[in-house]
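# Examining the three-dimensional arrangement
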Amino acid sequence: MPAGRIKSCRGLLPVVLLAGLLLTVMACENHDSATADRLSPEQARGTAVVRGTVRFAGPPPPRRTLKSEPCHHGQQRTILDETVIVGPDGGLKNVFVYLEGGPKVDGRLLPPIVLDQVDCVYVPHAVGVVVGQTLKVRSSDDVYHNTHYTPRRNPANNFGLVRAGQEREVRFVAPEIFTARCDVHPWMSAQIGVFDNPFFAVSRDDGSFEIANLPAGTYTLVAHHELYGEQRQTLTLEADSTHTVQLEYSPPN
């Protein structure tokens, strides 16, 4: 390489380093501003409880087979679609139920949540975190997985984990619900819910859910399913009260 070219590249190096440093500082500032003036989890803690069941009206749709060949280590496994899972009694699984309008909490003070990749499936399929809280994306597989998401309100990301035991920590700056996928194994998907407060739940196998330690007040209770959308209702909570809520989704006409 000509001497002039070497000199030119050396001159650009400090500029490139400075640009990288500025981008890092800007990212930190954006994240800090997202969690500024938020309460600690203990400050937001109340004594009310909301519990209930999310049900599916009508015959449950059949679950599609996504994969029936070995993913790794030659293990044969049938992987079924997790978009709609209805239990024997009609309970709908993997529905986010959360409190909108609750006190905003600094998620950096909450313990990390894990999203694992097990036998070429994201576990759990629906995972929730608070703005600023650490989400550990882990792989338990000895094959390459990438995690790719393009939210509307949070920065997009695409990173790979090449062997079992590897992890990548991510955090989010704004509330929203979005999908993460593995491009290498296109049947792999997970729903990531980011919330302003820790007052949320994901419906269990039987459709049941419980949200505890709620502060008194009037809020909007929101249910969100990745295929069937949202339901909303106003909820007034008193201290030490327990509310039972029944939610129902119907198949589209």
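Description of the structure in this document. (Residues numbered from 1 in each chain as written. Predicted model: local features only at pLDDT ≥ 70, side-chain atom pairs only at ≥ 80, totals over all residues. Heavy atoms only, no water.)

### Concerning the overall build of the protein chain
Worth spelling out the cut-off: Put simply, DSSP H or I for four residues or longer makes a helix, DSSP E for two residues or longer makes a strand, and each gets a number counted from the N terminus. Here the term buried applies to any residue with accessible area under 20% of the maximum for its type, exposed to any over 50%, and partly exposed to those in between, with areas from a 1.4 Å probe on protein chains only. Between two residues, a contact is recorded if the distance between any of their heavy atoms is within 4.5 Å. We get accessible surface area from the Shrake-Rupley algorithm with a probe of 1.4 Å; when it comes to residues, only the shown protein chains can shield them.
Looking only at helices and strands, the protein chain has two helices and 18 strands in total. Expressed as a percentage of its 253 residues, the buried residues of the protein chain come to 43%. Counted over contacts in the protein chain with a minimum sequence separation of 6, partners at least 24 positions apart contribute 63%. By element, 52% of the accessible surface of the protein chain is carried by carbon and sulfur atoms, the whole surface being about 13,500 Å².

### Side note on the sheet that holds strand β6 (residues 121-123)
Put simply, the test is: Strands are labelled as partners when DSSP assigns at least two bridges between them. The axes are straight lines fitted to the C-alpha atoms, using for helices just the contacting stretch, and the angles between their N-to-C directions are given from 0 to 180°.
A sheet is described by the order of its strands in space; here four strands give the open sequence β6-β5-β8-β11, paired in mixed fashion. Unpaired on one side and paired on the other, β6 and β11 (167-170) mark the two borders of the sheet. Across the sheet, the axes of successive neighbouring strands diverge by a mean angle of 20 degrees, strand direction being ignored. Both strand β8 (residues 135-138) and β11 contribute to a ladder of four bridges, which runs antiparallel. When the sheet's bridge partners are listed, R138 is paired in β11 with E167.

### A word on the packing of aromatic side chains
For clarity, the cut-off: Any Phe, Tyr or Trp ring, taking Trp's six-membered ring, that has another such ring centre within 6.5 Å forms a pair; planes under 30 degrees apart are called stacked, those over 60 apart edge-to-face, and the others tilted.
One pass over the structure, following the stated rule, counts eight aromatic pairs. Aromatic pair F172 and F178: ring centres 5.5 Å apart, planes at 70 degrees, arrangement edge-to-face. Through successive ring pairs, a cluster of aromatic residues spans F96, Y98, F195 and F200.

### Brief notes about the side chain of Q133
Which entries qualify depends on this criterion: In the analysis that follows, any N or O atom pair within 3.5 Å is treated as a polar contact, provided that within protein one partner can donate a hydrogen and the other can accept it, and provided that, for residues neighboring in sequence, both atoms belong to side chains.
Inspection of the secondary structure puts Q133 in the loop between β7 (126-130) and β8. On the accessibility criterion, Q133 (5% relative accessible area) is buried. Within polar-contact distance, the side chain of Q133 engages the backbone oxygen of P111 at 2.7 Å. Sequence-distant contacts of Q133, defined by excluding residues within four places in its chain, comprise G107, R108, L110, P111, I113, V170 and R171.

### Some words on the sheet that holds strand β14 (residues 200-202)
In any sheet, the strands associate via hydrogen bonds between backbone groups, in a parallel or an antiparallel arrangement. Strands sit in the order β14-β4-β16-β17 across an open sheet of four strands; the sheet is antiparallel. Each end of this open sheet is capped by a strand with a single partner; those strands are β14 and β17 (229-237). Across this sheet, the average inter-strand angle for adjacent strands is 20 degrees, counted without regard to direction. Across nine bridges, strand β16 (residues 217-225) lies against β17 in antiparallel orientation. When the bridges of β17 are listed, H225 appears paired with G229.

### Considerations on a nonpolar patch on the surface
Note the following rule: For patches, a residue must show more than 30% relative accessible area and have no salt bridge; joins then use 9 Å for like charges and 5 Å for nonpolar side chains, namely Val, Leu, Ile, Met, Phe, Trp and Tyr. In the sections that follow, a salt bridge refers to a side-chain nitrogen of Lys or Arg positioned within 4 Å of a carboxyl oxygen of Asp or Glu.
A surface patch of nonpolar side chains, about 250 Å² in accessible area, is lined by Y144, V162 and V184. Among the secondary structure elements, Y144 is positioned in the loop between β8 and β9 (145-149).

### Examining the side chain of T147
With respect to the helices and strands, the residue T147 is situated in strand β9. Residue T147 is classed as buried on the basis of its relative accessible area, which comes to 2%. Polar side-chain contacts of T147 include one of 3.1 Å to the side chain of Y122. Once you skip the residues sitting within four places of it in the chain, T147 turns out to touch Q117, Y122, V137, N157, N158, F159, A180 and R181.

### What to know about the pattern of salt bridges
Going through the model one piece at a time under the given rule, you end up with eight salt bridges. Between E210 and R51 there is a salt bridge, with its nearest N and O atoms 3.0 Å apart. Highlighted residues: E210 in strand β15 (residues 208-214) and R51 in strand β1 (residues 48-56), separated in sequence by 159 residues. For R64, the salt bridge goes to D81, with nearest N and O atoms at 3.4 Å. Of this pair, R64 sits in the loop between β1 and β2 (65-67) while D81 sits in the loop between β3 (79-80) and β4 (96-100), and the two are 17 residues apart along the sequence. The exposure class assigned to D81 is buried, which follows from its relative accessible area of 15%. What emerges from the salt-bridge pattern is a single network uniting E100, E230 and R232.

Function cannot be inferred from these measures alone, as they are strictly geometric.
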